[in-house]
Amino acid sequence: PTKEAVKLFGRLAESQIMIDPTDGQCCYGGCHDCPYLLPDGGYAMDEQFADRPTWIPHYVLRFLGDEKEHETKWGNKLFSDMRLTLTKERFVDILTTKLEYATPAAVSSTLYSDDMPLLMEALDVEITDTATAEAFFDVMAEGKEKLSRNRMGVRIRELSGGEDGMTWTHFSVALGLSE
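Residues numbered from 1 in each chain as written. Predicted model: local features only at pLDDT ≥ 70, side-chain atom pairs only at ≥ 80, totals over all residues. Heavy atoms only, no water.

Remarks on the nonpolar core
Counting residues in each nonpolar core, the largest one holds 32 residues, and the members touching the most others are Leu12, Ile56, Leu78, Phe91, Met152 and Phe171. Counting residues per element, the ones that place at least two in this core are helix H1 (2-12), helix H2 (73-78), helix H3 (88-97), helix H4 (131-141), helix H5 (149-159) and helix H6 (168-174). The element contributing the most residues to this core is H4, with six residues. Phe171 has contacts with Ala5, Leu8, Phe9, Leu12, Ile56, Phe136 and Met166, leaving out every residue within four places of it along the chain. With eight residues, the next largest nonpolar core counts Met18, Cys34, Tyr43 and Met45 among its residues. (Core = buried A, V, L, I, M, F, W, Y, C linked by side-chain atoms within 4.5 Å. Buried < 20%, exposed > 50% of the residue type's maximum accessible area, 1.4 Å probe, protein only. Helix = DSSP H or I, 4+ residues; strand = E, 2+ residues; numbered from the N terminus. Contact = heavy atoms within 4.5 Å.)

Here you go:
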């Protein structure tokens, strides 16, 4: 299951994240009297970058001024075409066939036994066993038949302890792979 979890994380994780300095206090709706709104119409946010995908951001889209924006893979691919909810079957199908894999930063040789390759590039990254993807849907949907885009963002934030993005540690704990 750990190998399949890494394959999922590598499909969802990003190498960029925008950190919300308001800690959720701002709705980012451009409110007239918002203390966080900058004169150019943007917001003061910190950006972080990594060489490899590290975070699954809880947001779908964030703007940094007029020039920069970050749209997440899960928001763009899972919930594209104005899909606001997904069944487990559709979620798993899109996650396993439409999102490209990139080796995440947190993947280390400690995840693998000595007879397995150290780098995920050397592995077949195709997901053939969907059980882990189904389990991830169950974690995100909390027993509901459908998962909404909004609910997924809320769950990512909850499972990451209020952080702006879910790391491999949060992801593996959510799937019951570690404590």
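Structure shown, so let's carry the discussion forward.
As for the packing of aromatic side chains
Here the structure, examined in full by the defined rule, presents seven aromatic pairs. Judged by centre distance (5.0 Å) and plane angle (50°), the rings of Phe136 and Phe171 are tilted. With Phe136 in helix H4 and Phe171 in helix H6, this residue pair connects regions lying 35 residues apart in the sequence. Note on accessibility: Phe136 and Phe171 belong to one class, buried. Look at Trp168 and Phe171: their rings are 5.9 Å apart centre to centre, the planes differ by 35°, and that puts the pair in the tilted class. Placement of both Trp168 and Phe171 in helix H6 is noted, with a separation of three residues, approximately one turn of the helix. Side by side, Trp168 and Phe171 carry an identical accessibility label, which is buried. Of the aromatic side chains, those joined through ring pairs into one cluster are Phe9, Phe91, Phe136, Phe137, Trp168 and Phe171. (Phe/Tyr/Trp six-rings, centres within 6.5 Å; stacked < 30°, edge-to-face > 60°.)

Side note on H5
Among the residues making up H5, those that are buried are Met152, Gly153, Arg155, Ile156 and Arg157. On its buried face, H5 is in contact with strand E3 (56-57), H2, H3, H4, strand E7 (146-148) and strand E8 (165-166). Remark: Gly161 follows H5 within two positions and exhibits a positive phi of approximately 70°.

Focus: H3
Along H3, the positions that sit buried rather than exposed are Phe91, Val92, Ile94, Leu95 and Thr96. Those residues of H3 hidden inside the fold are in contact with H1, H2, strand E6 (85-87), H4, E7 and H5.

Things to note about the packing of H4 against H5
Two numbers describe how H4 lies on H5: the axes approach to 9 Å, and their chain directions differ by 90°. Taken together, the axes of H4 and H5 are roughly perpendicular relative to one another. Note on element contacts: H5 touches H4 through Arg151, Met152, Arg155, Ile156 and Leu159, opposite Phe136, Val139 and Met140. Class assignment for the residues of the contact of H4 with H5 results in six nonpolar, no polar and two charged. (Axes fitted to C-alpha atoms, helices over the stretch in contact; angles between N-to-C directions. Parallel < 35°, antiparallel > 145°, perpendicular 65-115°, else oblique. Nonpolar A, V, L, I, M, F, W, Y, C, P; charged D, E, K, R; others polar.)

On their own, these measurements won't tell you what the molecule is for.
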